[in-house]
Amino acid sequence: MNQNVNKQALFNYVLALGDDAITMGHRLSEWCRNAPFLEEDLAIGNVALDFIGRAQMFYQYAAELDDQGRSEDDLAFLRDCRDFRNLLIYELPKGDFAFTMVRQMIVDLFNMEFLEQLTKSSDERLSAIAGKCIKESRYHLRRSHDWVLRLGDGTEESHERAQRALVDIWGYTPELFMVDESEQQLVQAGIAVDRAALMSVWDNRVGQILTEAKLQKPEDSWKVEGGRRGVHTEHLGHMLSELQFLQRAYPGLQW
Amino acid sequence: MTEFKMNEAELEKVFQKRIDDEQKIEPKDWMPEKYRKNLIRQISQHAHSEVIGMQPEGNWITRAPTLRRKMVLLAKVQDEGGHGLYLYSSAETLGISREEMVEALQTGAAKYASIFNYPTLTWADVGAIGWLVDGAAIVNQISLQRTSYGPYARAMVRVCKEESFHQRQGYESLMVLAFGNAEQKQMAQDALDRWWWPSLMMFGPHDADSAHSSQSMKWKIKRKSNDELRQSFVDQSVPQAEYLGLKIPDSNLKWNEERGHYDFGEIDWDEFLRVINGDGMCNRDRISHHVKVHNEGQWVRDAMRAYEEKKRARELKKSA
Amino acid sequence: MMSTEKKLPLFEIFVRSKRGLDHKHVGSLHAEDHTQALEYARDCYTRRSEGVSLWVVKSSDIVASQEEDASSFYDPMDDKPYRHATHYELPEEVNNM
């Protein structure tokens, strides 16, 4: 690691990536036993497992960087809302199957670009994790891309649901490309990915998929942000109360 | 090709000889209608049990206490779905569709393992299900690897390989509780208290009272009787409970030197019948959840079909 | 309830577990088309071993003689060790699970 880099900034960065992954994994895991048919139950479960596995890798690394000596599980299960740094799009409730798949396509496209860049990080650990994750994301995207086509160009109902999902999600997408000062330092140091620079490629590819799916790209009329500062939607608190229930109800025990 | 027309009785003789010679029956073989029906009943019931079984354990996925436990549980519940799929697919070789089987489940015409009508109240229940319920299922499924119907036997081989992880993860997670603090140990004991008897019920009625048993044994659909299987489960579970320092809730449980087996108390057969007939804690919830999810998925399945039809039409137009 | 719904087609799944071995029949699944069947085959039949190649065939396209056989295969999968029984270290006393 570059000695000039603020260790706290790196810790925050890795932690935020862990938070992104655990919130996404949590939402996807909610589909297990609730999918539209059995084959999809299994498939969506695999994607959920990939994200939770990702969270584990990022948290393990963050735990090693943490000067308070917390474990990966402490980081996942013992921090409250204001300390979670995930981007808001990941914490939104799973919604219907259209919402889940439209969001998935959006974040899978983003992650393909993001992870590709992260493999070039000067931080070897991050680059190694990204190398593993990018293979998973390639598969995730194939699935979510296919699903968006099926829903967008399926029945009238599926088209409407997909379009509505897109409108509901759109204002959360600009946050994917917002970089704060501490992250900017890491970008300068060649550690973090310059997310702002990924926007045009992402925008292009989303546009292609939506056209192919006969869906209308929404106007950029609204946006919200705050996840990286610990300012969240009200949904996150409820997710954490479920995620962290046992660790909170029975503090300090092994499981 | 010369065709010999055999009558039903002759065909059945050839069929039974094949079974007696330990040959497998395969999908295209002639088989008595009752054999087919009996198999469809048993395999679909088995498949439904896997699928309904996803609910009580799935109940804890979002609340699992560590990242590792969460992944293990999710992988496990996902496996249960996979086992349901293997089993539906082997039943489908008998000429029944998945849709028909699902309909039978939802209307109550087909049963599933009664144990899944009990609720999972604490985290220890997840461990207890792995240890006891999967343990009991494995005892049964190991014997079914030798069942006479080929696709069912092969599905069982695959299922058994995967189930072993299920039981071990459950036991391992209970070990942590049993050796944890007093509260955790109590949680583990409480789970054993609630899951022990329902686990013994999983093997079904006594041999003498079992409606389908004798014909199933003759056809080698079942390879061991309900009571034999239940006995091996008790024998294997007692030392496992002892190691955990937990007490099996049966005052009649003791080693019988002469038989070389544990003696154990009588199952509450009234409870068994009550739950099978629909009055367990969760019977209604399990089915209504299944119906709800299925109905909510309708528009998705419709969309798939519509998309596929459009795609096909486009391709046809292109090639024309 | 179901009677109005058109059935999803059934596909037979064949897996080559490693190079040099034949594809083997492992079971079936429902999907809308071949592409989707291939994706689901990965999730449903190769959770423990990626397998180097998958075939999917519409069940209705198979013409069968009397005898056919299929057996299962499993290879260890490298990144999900917790799916395997050996991942759980248990004491000698109870180690026959």
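Below you will find a few notes about this structure.

Cut-offs used in this document
Residues numbered from 1 in each chain as written. Chains lettered and ligands numbered in written order. Predicted model: local features only at pLDDT ≥ 70, side-chain atom pairs only at ≥ 80, totals over all residues. Heavy atoms only, no water. Helix = DSSP H or I, 4+ residues; strand = E, 2+ residues; numbered from the N terminus. Buried < 20%, exposed > 50% of the residue type's maximum accessible area, 1.4 Å probe, protein only. Contact = heavy atoms within 4.5 Å. Buried area = accessible area lost by both parts, 1.4 Å probe. Polar contact = N/O pair within 3.5 Å; in protein donor to acceptor, adjacent residues only side chain to side chain. Nonpolar A, V, L, I, M, F, W, Y, C, P; charged D, E, K, R; others polar. Core = buried A, V, L, I, M, F, W, Y, C linked by side-chain atoms within 4.5 Å. Pairing = 2+ DSSP bridges. Axes fitted to C-alpha atoms, helices over the stretch in contact; angles between N-to-C directions. Parallel < 35°, antiparallel > 145°, perpendicular 65-115°, else oblique. Left-handed = near helix turned anticlockwise from the far one by under 90°. Salt bridge = Lys/Arg side-chain N within 4 Å of Asp/Glu carboxyl O.

A word on the environment of Ile 138 of chain B. All names here are of chain B. Structurally, Ile 138 is set in helix H5 (residues 123-144). Taking the relative accessible area as the measure of exposure, Ile 138 reaches 11% and is therefore buried. When the C-alpha atoms of Ile 138 and Glu 163 are compared, they prove to be 6.8 Å apart, with 25 residues separating the residues in sequence. In this structure Ile 138 touches Glu 163, Ser 164 and Gln 167, once residues within four positions along its chain are discounted.

Moving on to the interface of chain B and chain A. Contacts between the two partners involve 47 residues from chain B, matched on the other side by 49 residues from chain A. Between chain B and chain A, a total of about 4,100 Å² is buried, with carbon and sulfur atoms accounting for 71% of that surface. Here chain B and chain A share 15 residue pairs in polar contact (both at pLDDT 80 or more) between them. Elements that contribute at least two residues to the side of chain B that touches chain A include exactly helix H2 (33-58), helix H3 (67-92), helix H6 (150-178), helix H7 (182-201), helix H11 (283-296) and helix H12 (298-319) of chain B. Per-element tally for the side of chain B that touches chain A: the top contributor is H3 of chain B, with 14 residues. Residues of the side of chain B that touches chain A, tallied by class, amount to 24 nonpolar, 13 polar and 10 charged.

Moving on to the nonpolar core. Counting residues in hydrophobic clusters, the biggest one holds 201 residues, and the most contacted among them are Ile 106 and Leu 126 of chain A, Tyr 35 of chain B together with Leu 29 of chain C. Apart from the residues within four sequence positions on either side, Ile 106 of chain A is in contact with Ile 89, Leu 166, Ile 169, Trp 170, Thr 173, Leu 176 and Trp 202 of chain A.

All names here are of chain C. With respect to burial, strand E1 (residues 10-16) is a largely interior element, 5 of its 7 residues being buried. Strand direction decides the pairing type here: E1 and strand E2 (residues 24-30), joined by 6 bridges, are antiparallel. Pairing of Val 15 across the sheet is with Lys 24, part of E2. Bridge analysis of E1 against strand E3 (residues 53-58) gives 6 bridges, and the strand direction is antiparallel. Within E3, the position partnered with Glu 12 by the bridge is Val 57.

All names here are of chain A. Their axes nearest at 8 Å, the elements helix H5 (residues 97-118) and helix H7 (residues 156-170) cross at an angle of 55°. By the criterion of interaxial angle, the relationship of H5 to H7 is oblique. At the point where H5 passes H7, the crossing takes the right-handed sense. Residues Ala 98, Phe 99, Val 102, Arg 103 and Ile 106 of H5 form the contact with H7, whose own contacting residues are Arg 161, Ala 162, Ala 165, Leu 166, Asp 168, Ile 169 and Trp 170. Partitioned by chemical class, the residues of the contact of H5 with H7 number 9 nonpolar, no polar and 3 charged.

Time to look at the pattern of salt bridges. Per the stated rule, a full pass over the model turns up 44 salt bridges over all chains. Two residues, Arg 230 of chain B and Asp 227 of chain B, come together in a salt bridge whose shortest N-O distance is 2.8 Å. Remark: Asp 227 of chain B and Arg 230 of chain B occur in helix H9 (residues 226-244); sequence separation between them is 3 residues, near one turn of the helix. For Arg 230 of chain B, a relative accessible area of 1% puts it in the buried group. Members of the salt-bridge network, linked through shared partners, are Asp 79 and Glu 162 of chain B together with Arg 47, Arg 48 and Arg 83 of chain C.

Next up on the list: the sheet that holds E1 of chain C. Taken in spatial order, the 3 strands of this open sheet run E2-E1-E3 (chain C), and their pairing is antiparallel. At either margin of the open sheet sits one strand with a lone partner, and together these are E2 and E3 of chain C. Between one strand axis and the next, the sheet turns by 30° as a mean value, whatever way the strands run. Each of E1 and E2 of chain C touches H3 of chain B; the most contacted strand, E2 of chain C, lies at about 95° to it.

Here the focus is the side chain of Glu 136 of chain A. All names here are of chain A. With respect to the secondary-structure elements, Glu 136 resides in helix H6 (residues 124-152). Taking the relative accessible area as the measure of exposure, Glu 136 reaches 10% and is therefore buried. Glu 136 has contacts with Asp 50 and Arg 54, leaving out every residue within four places of it along the chain.

On to helix H10 (residues 269-279) of chain B, then. Every α-helix winds through 3.6 residues per turn, so residues three or four apart in the chain are directed the same way. Residue and element names in this part refer to chain B. Phe 272, Val 275 and Gly 278 are the residues of H10 that are buried. Those residues of H10 that are buried are in contact with H7 and H11. Backbone nitrogen of Asp 270 and a side-chain oxygen of the N-cap are separated by 3.1 Å at the start of H10; the cap is Asp 268.

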